[in-house]
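Architecture at a glance
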Amino acid sequence: MQNNDILRSLRYTFDFGDDQMIRIFGLGGLETTRAEVSNWLKKDDDEAFNPLGDFKLAAFLNGLITYKRGAKEGAVPLPENRLTNNQILRKLKIALELTDEEQLKILELAGRIISKHELSAFYRKPEQKQYRLCKDQILRNFLQGMRQYYREGTNESDT
């Protein structure tokens, strides 16, 4: 899954404006401009499209954690140079303070039913036997379910 697609999905889900996007990147330790954000959000076939690297997406996700949960004492965590779908899923879980049940419901909204054990396998260390790689389709389903959960009012709580 392309990082730009993830960024577009999160922007739409939470209805972030340009100023909020710039602020979230800043909270993650990456100063950016409106033009850069705009180019990352453009469709792939637009000539102004600019691919979003893992480091920049990691900065955005770290900023999202701070934006949603508040700043922690100490230094801002450094963004990773390489991101896996498992790390993206973990950062979204942390930012949105999602329980296992909420994550399973989000996946179910997108038509993906998995067990609690399958979900926990995504959060294990890669060297553990029970570790499971989060494939693009699972992440895509999770983002789709998030849209329904947060944007379309399927979330019963006031998150």
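Refer to the preceding data block for the structure.
Residues numbered from 1 in each chain as written. Predicted model: local features only at pLDDT ≥ 70, side-chain atom pairs only at ≥ 80, totals over all residues. Heavy atoms only, no water.

What about the nonpolar core?
Our working rule: For this analysis, a nonpolar core means a set of buried residues of the types Ala, Val, Leu, Ile, Met, Phe, Trp, Tyr and Cys, connected via side-chain atoms within 4.5 Å. When accessible area is computed with a 1.4 Å probe and restricted to protein chains, residues below 20% of their type maximum are described as buried, those above 50% as exposed, and intermediate ones as partly exposed. Only DSSP runs of H or I covering at least 4 residues are called helices, and only runs of E covering at least 2 are called strands; the numbering of each starts at the N terminus. Residue contacts are counted whenever heavy atoms from the two residues lie within 4.5 Å of one another.
Residues Leu10, Phe60, Leu92 and Met146 are the most contacted members of the largest nonpolar core, which totals 42 residues. Those elements giving two or more residues to this core turn out to be α1 (3–14), α2 (18–27), α3 (34–41), α4 (54–69), α5 (85–96), α6 (100–109) and α8 (136–151). If sequence neighbours within four positions are ignored, methionine 146 has contacts with Leu10, Thr13, Phe14, Leu92, Leu96, Ile106 and Arg151.

Considerations on unusual backbone geometry
Peptide bonds are, in most cases, trans, and in most cases residues other than glycine have a negative phi. The phi angle at aspartate 15 is positive, at roughly 55°, despite the residue not being glycine. By the secondary structure assignment, aspartate 15 is in the loop between α1 and α2. The phi angle at glutamate 97 is positive, at roughly 50°, despite the residue not being glycine. Tracing the backbone through its elements, the reader meets glutamate 97 in the loop between α5 and α6.

What about the packing of α1 against α3?
How we decide: Note on geometry: axes are lines fitted to C-alpha atoms, helical ones only across the stretch in contact, with angles between N-to-C directions running from 0 to 180 degrees. Put simply, angles under 35 degrees are roughly parallel, angles over 145 are roughly antiparallel, angles from 65 to 115 are roughly perpendicular, and the rest are oblique. Polar here means any residue other than Ala, Val, Leu, Ile, Met, Phe, Trp, Tyr, Cys and Pro, which are nonpolar, and Asp, Glu, Lys and Arg, which are charged; Gly is therefore polar.
Put simply, α1 and α3 touch, their axes get as near as 8 Å, and they point 105° apart. Here α3 runs roughly perpendicular to α1, going by the angle between their axes. For the pair α1 and α3, contact is made by Asn4, Leu7, Arg8 and Arg11 and by Val37, Trp40 and Leu41, respectively. Split into classes, the residues belonging to the contact of α1 with α3 amount to 4 nonpolar, 1 polar and 2 charged.

Comments concerning the environment of tyrosine 12
Its location among the elements puts tyrosine 12 in helix α1. Through-space distance from the C-alpha of tyrosine 12 to that of arginine 147 is 7.8 Å; in sequence the pair is 135 residues apart. If we ignore the near neighbours within four places in the chain, the residues touching tyrosine 12 are Arg147 and Arg151.

Observations concerning the side chain of asparagine 141
Mapping asparagine 141 onto the fold places it in helix α8. Judged by its relative accessible area of 7%, asparagine 141 is buried. Those residues within four positions of asparagine 141 in sequence are excluded, and the remaining contacts are Ile106, Leu107, Ala110 and Arg112.

A few points about the pattern of salt bridges
Side chains bearing opposite charge may pair, as long as their charged atoms lie close to each other. Convention followed: We count a salt bridge whenever a side-chain nitrogen from Lys or Arg sits within 4 Å of a carboxyl oxygen from Asp or Glu.
Across all of its chains, the model carries 10 salt bridges by this definition. Of the charged contacts in the structure, one is a salt bridge between aspartate 5 and arginine 8, with a shortest N-O distance of 2.4 Å. Placement of both aspartate 5 and arginine 8 in helix α1 is noted, with a separation of 3 residues, approximately one turn of the helix. Accessibility expressed as a relative area gives 15% for arginine 8, which makes it buried. Arginine 34 is paired through a salt bridge with aspartate 18; the nearest N and O atoms lie 3.3 Å apart. Of this pair, arginine 34 sits in helix α3 while aspartate 18 sits in helix α2, and the two are 16 residues apart along the sequence. Through salt bridges that share partners, Arg11, Asp18, Asp19 and Arg34 make up one connected network.

A short note on the packing of aromatic side chains
As a reminder of what qualifies: Stacked, edge-to-face and tilted labels apply to pairs of Phe, Tyr and Trp rings (six-membered ring for Trp) whose centres lie within 6.5 Å, assigned for plane angles under 30 degrees, over 60, and everything in between, in that order. The rule is short: NZ of Lys or CZ of Arg within 6 Å of the ring centre and within 35 degrees of the ring normal puts a charge over the ring.
Enumeration according to the criterion identifies 6 aromatic pairs in this entry. For the ring pair phenylalanine 14 and tyrosine 150, a centre distance of 5.2 Å and an interplane angle of 50° mean the geometry is tilted. With phenylalanine 14 in helix α1 and tyrosine 150 in helix α8, this pair connects stretches of sequence that are 136 residues apart. Accessibility expressed as a relative area gives 16% for tyrosine 150, which makes it buried. Each ring, one from tyrosine 149 and one from tyrosine 150, has its centre 4.9 Å from the other, and the planes form 85°; the classification is edge-to-face. Taken together, the ring pairs connect Phe14, Phe16, Tyr67, Tyr149 and Tyr150 into an aromatic cluster. In this arrangement the basic side chain of lysine 93 is found over the ring face of tyrosine 123, its NZ or CZ atom lying 4.6 Å from the centre.

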